[in-house]
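# Structural overview
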Amino acid sequence: MMFAIEEINNSSDLLPGVTLGYRIFDACPSIPLSIRASLNLMNRYESGASSCSRLSTVHAVIGETTSTSTIGIARTMGPFHIPVISHSATCACLSNRHDYPSFFRTIPSDIYQSRALAKLVKHFGWTWVGAIRTNSDYGNEGMATFLEAAEKEGVCVEYSVAIYRTDHRKWFLEVVDIIKKSTSKVIVAFADGTDLDILIKELHAQKVTGLQWVGSEGWITYRYIASPVNYAVVQGAVGFAALNAHIPGLQEFLADSKPSTAPGNQGLLELWEKVFRCRLQNPSGPESPPACTGRESLRDTNSRFTDTTDASLLNNVYKATYAVAHALHMLYTCEDDLGPFENNSCADKKNVQPWQVLHYLTKVNFTTKVGDEVFFDELGDPAARYALVNWQMDETGYIVFKTIGYYDASKAEGQQFEMKSGVKAIWAGNNPEVPRSICSEHCLPGTRRAFVKGKPVCCFDCILCADGEFSNTTNAVKCDKCLPEYKSNQERNNCDAKAIEFLTFRELMGILLVSFSVFGACLSMTIALVFFRYRQTPIVRANNSELSFLLLFSLTLCFLCSLTFIGRPTEWSCMLRHTAFGITFVLCISCVLGKTVVVLMAFRATLPGSSVMKWFGPFQQRLSVLSFTLLQVLICILWLTISPPYPIKNMTHYKERIILECALGSPVGFWAVLGYIGLLAILCFFLAFLARKLPDNFNEAKFITFSMLIFCAVWITFIPAYVSSPGKFTVAVEIFAILASSYGMLFCIFLPKCYVILLKPENNTRKHLMGKFSSRSL
């Protein structure tokens with residue numbers, strides 16, 4: 001401050017013709033001493049010297065260092081509208097214009113620092129931390145803001161304790177015990193250096209080291225606690241401090257300073273006597289140090305007083321002093337009738353009042369010669385910019401506060417931190433790597449967090465995503481469901497397309513079914529050729545050759561219609577497979593029914609006076625087959641018109657694959673088609689059963705009975721098998737039922753006749769057939 005005032009007084013641009021004076025009080029720092037100094041500054045002071053014989057009042061106060069002491073000063077000065085500009089008080093409470101109407105500062109408010117500390121902790125990945133604060137307005141309010149910001153950033157606090165320099169040692173030991181038992185490896189200390197110094201020494205005594213400390217500006221650059229003993233505990237500490245700056249001429253000014261023995265100006269007496277081990281005032285006693293010679297110079301020493309490597313707070317004092325000077329400059333250069341006060345008046349330059357200086361302080365906006373822009377917002381706060389400093393020890397054992405980065409709250413989210421290139425940070429335990437402090441290990445993709453009841457959200461278990469769910473981010477709160485067409489992979493971190501399944505022509509089951517189907521069709525056509533070749537023989541003519549050829553044709557279609565069930569289902573194939581199956585089987589059963597009726601009618605016609613055959617001749621036979629078949633065609637048309645079958649993706653039966661199948665559309669239509677076939681089959685079986693005891697040589701009723709028995713058995717067992725078979729096996733069961741019933745009718749009805757035609761031609765004579773019949777009749 002003295003250096004800045006000397007610069008201002010020697011300036012020809014700023015306050016020309018005006019000399020600034022000052023009074024300095026040492027507050028220690030202590031709240032009572034701070035308030036006492038405030039009262040002394042407000043009271044009028046009369047000097048014994050003739051040059052200062054007039055009454056004088058203070059126009060502005062610069063200080064104090066700690067927030068707690070500054071609060072006392074600001075409360076005292078506020079009602080009198082005396083401006084107070086602090087270079088180091090950061091408590092957010094001081095931004096309250098109602099309680100502190102005349103307060104300004106050149107260091108950012110703790111509300112920005114607290115939020116910045118939360119972002120800093122998150123930036124380095126520390127989600128599990130402990131918290132220590134000074135039990136004062138500074139510590140309590142700063143920590144409250146930090147806890148709120150930390151929660152938003154996803155950082156959890158394991159413990160939060162308050163300390164104060166007047167606390168009993170027992171409490172400090174309890175805090176040490178809390179730290180020792182904790183699992184967090186990072187401690188955020190929003191504390192005053194004097195309070196924290198007591199705790200650090202207790203930690204050192206119990207060898208509690210290796211923890212990563214994160215500090216507020218209240219202690220992170222506090223030279224008083226930067227001792228080798230404390231460094232063993234807080235080695236590698238990081239925190240925010242005011243931006244450092246090189247103030248030209250300050251080093252030389254401090255080095256050229258000389259002590260004074262004049263009353264009221266004895267600031268360097270103790271320093272001088274301690275550094276040079278001499279006495280400036282009258283030495284007394286034989287063991288007293290020798291008197292100072294006056295040739296001593298601070299240029300030849302290396303003391304904290306002349307160390308300007310860390311001039312962050314010095315720069316804040318420098319800016320505060322210049323802010324007052326610029327406010328006074330605007331006051332003294334005010335033009336008449338253009339002033340800001342009543343009736344556009346200016347201040348009385350011979351009787352400047354503090355409230356007038358206060359007004360102009362709100363208007364200051366200038367840039368210092370080191371490039372810092374100085375202005376105050378409506379709350380008296382400057383722009384929030386910080387240096388990120390790191391406790392390091394150089395080769396000589398001297399502790400330095402190394403700037404490793406910067407933080408600017410005015411920048412966009414994600415761009416506020418800027419790490420300094422080429423500077424290497426030291427972390428706790430002299431570790432070059434950033435330490436880890438988490439409550440639970442990260443949940444990898446494929447898992448989700450399961451929060452533990454009664455614990456913070458940072459403490460959780462990792463649970464594998466359920467089948468059909470996935471997570472592709474770290475620490476996922478929940479697993480997302482895969483789309484219905486997809487399934488979760490084995491790692492549960494992605495979804496893979498489900499395998500699509502349907503009965504194909506290339507798989508073994510499809511090949512076998514196609515082979516049996518084609519073989520059955522070929523066999524039917526072969527038998528038809530045999531029957532055509534031997535169409536004039538008695539056994540072919542006796543068994544109604546027309547219906548036999550029509551039956552063989554329908555059996556060929558039955559075998560071939562099973563092919564429509566194989567392959568990828570489409571709208572046309574779904575409609576074709578069920579309708580073709582229903583119509584061809586009705587045609588087949590109708591032919592068998594006609595043959596059965598013919599057998600019965602034929603024997604009825606042999607009875608004397610019977611004219612049955614004229615009612616069931618060839619025309620009636622064709623008409624009955626056509627009528628039965630047309631009725632099935634009508635049922636199928638109604639089914640396809642109202643609610644036809646259609647292809648669907650069945651994703652409910654299997655979780656890992658999709659079944660392509662044909663939905664029935666209308667189950668009533670499907671079971672009506674099947675029921676009609678069953679009704680005809682039962683009717684045919686009943687009639688054939690009645691005709692089973694007719695003469696063997698002429699009678700094929702018993703073979704029809706066997707074929708219908710097989711048919712009914714197959715389709716009765718088909719129903720439960722069809723309902724319970726999964727996926728493509730449903731189609732396979734249906735094809736099997738078609739082939740089994742078709743082969744049953746083909747073998748039972750036509751195989752015995754082919755046997756006689758091809759292997760027993762001697763029995764294929766009218767005489768043999770009629771002879772056998774006659775002998776049985778007799």
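Look up: the structure comes first, before these words.
First, a word on scope: everything that follows refers to the structure included in this document. Please read these numbers as outputs of a predicted model, since none were measured by experiment.

Procedures and definitions
Residues numbered from 1 in each chain as written. Predicted model: local features only at pLDDT ≥ 70, side-chain atom pairs only at ≥ 80, totals over all residues. Heavy atoms only, no water. Phe/Tyr/Trp six-rings, centres within 6.5 Å; stacked < 30°, edge-to-face > 60°. Helix = DSSP H or I, 4+ residues; strand = E, 2+ residues; numbered from the N terminus. Buried < 20%, exposed > 50% of the residue type's maximum accessible area, 1.4 Å probe, protein only. Lys NZ or Arg CZ within 6 Å of the ring centre and 35° of its normal. Core = buried A, V, L, I, M, F, W, Y, C linked by side-chain atoms within 4.5 Å. Contact = heavy atoms within 4.5 Å. Disulfide = S-S within 2.5 Å. Axes fitted to C-alpha atoms, helices over the stretch in contact; angles between N-to-C directions. Parallel < 35°, antiparallel > 145°, perpendicular 65-115°, else oblique. Left-handed = near helix turned anticlockwise from the far one by under 90°. Salt bridge = Lys/Arg side-chain N within 4 Å of Asp/Glu carboxyl O. Pairing = 2+ DSSP bridges. Right-handed = clockwise from strand over helix to strand, strands pointing away.

## Here we look at the packing of aromatic side chains
To describe a pair of aromatic rings, one takes the distance between the centres and the angle between the planes. In the structure shown here, the tally under the stated rule is 27 aromatic pairs. Plain terms: the ring middles of F240 and Y407 are 5.6 Å apart, the flat faces sit at 50 degrees to each other, and that makes the pair tilted. Separated by 167 residues along the polypeptide, F240 in strand β8 (residues 238-241) and Y407 in strand β12 (residues 399-408) bring together distant segments of the chain. For the pair shown, F240 and Y407 are each scored as buried. Where F559 meets Y743, the ring centres are 4.7 Å apart and the plane angle is 65 degrees; that geometry is what we call edge-to-face. With a gap of 184 residues between them, F559 in helix α15 (residues 545-561) and Y743 in helix α20 (residues 728-759) connect regions that are remote in the sequence. Neither F559 nor Y743 differs from the other in exposure class; each is buried. Taking NZ or CZ as reference, R449 lies 5.3 Å from the ring centre of F460, over its face.

## Structural notes on the nonpolar core
Counting 68 residues, the largest nonpolar core has F581, F585, M708, F711, W715, M745 and F750 as the members making the most contacts within it. For this core, the elements supplying multiple residues, two or more each, are α13 (508-533), α14 (538-542), α15, α16 (571-605), α17 (618-642), α18 (667-690), α19 (701-724) and α20. In terms of residue count, α20 provides more of this core than any other element does, 16 residues in total. Aside from chain neighbours lying at most four places away, what touches M708 is I589, V592, A681, C684, F685 and M745.

## Digging into the state of the cysteines
Within the structure shown, the criterion is met by nine disulfides. Disulfide partner of C334: C346, at an S-S distance of 1.8 Å. Of note, the bridge from C334 to C346 carries an S-S torsion of about -65 degrees and is left-handed in sense. Here the residue C334 occupies a position in the loop between α11 (312-332) and α12 (354-361), and C346 occupies one in the loop between α11 and α12, the gap between them amounting to 12 residues. We classify C334 as buried; its relative accessible area is 13%.

## Details of the packing of helix α4 (residues 110-123) against helix α5 (residues 137-153)
As a packed pair, α4 and α5 sit with axes 8 Å apart at the nearest point and diverge in direction by 40 degrees. Taken as axis vectors, α4 and α5 run oblique relative to one another. For the element pair α4 and α5, the recorded crossing hand is right-handed. Across the interface between the two elements, D110, I111, S114, R115, L117, A118, K119, V121 and K122 of α4 pack against Y138, G142, T145, F146, A149, A150 and E153 of α5.

## Remarks on the pattern of salt bridges
One pass over the structure, following the stated rule, counts 18 salt bridges. Across the salt bridge formed by E413 and K119, the nearest N and O atoms sit 2.6 Å from each other. In this pair, E413 sits in the loop between β12 and β13 (417-419) while K119 sits in helix α4, placing the two residues 294 residues apart along the sequence. Residue E413 is classed as exposed on the basis of its relative accessible area, which comes to 58%. Between R385 and D408 there is a salt bridge; the shortest N-O distance is 3.6 Å. Taken together, the residues R385 in strand β11 (residues 385-393) and D408 in strand β12 connect sequence positions 23 residues apart. We classify R385 as partly exposed; its relative accessible area is 34%.

## Quick notes on the sheet that holds strand β21 (residues 646-650)
One open sheet accounts for three strands, arranged β20-β22-β21; its pairing is mixed. Two strands bound the open sheet, and with one partner strand each, they are β20 (499-501) and β21. Between one strand and the next, the sheet's axes are offset by a mean angle of 25 degrees, whatever the strand orientation. Here β21 runs beside strand β22 (residues 657-663); their pairing, made up of five bridges, is antiparallel. Residue pairing across strands places I648 opposite E661, the latter belonging to β22.

## Brief notes about the pairing of strand β6 (residues 186-190)
Buried residues dominate β6, accounting for five of its five residues. Residues of β6 alternate between two faces, with V186, V188 and F190 on one and I187 and A189 on the opposite face, all of them buried. Note that strand β4 (residues 128-134) and β6 share five bridges and pair parallel. When the bridges of β6 are listed, R133 appears paired with F190. Relative to strand β7 (residues 212-215), β6 runs parallel, the two sharing four bridges. Its bridge partner being in β7, A189 is matched across the sheet by G215. Each parallel crossover has a hand, and the one from β6 via helix α7 (residues 193-205) to β7 is right-handed.

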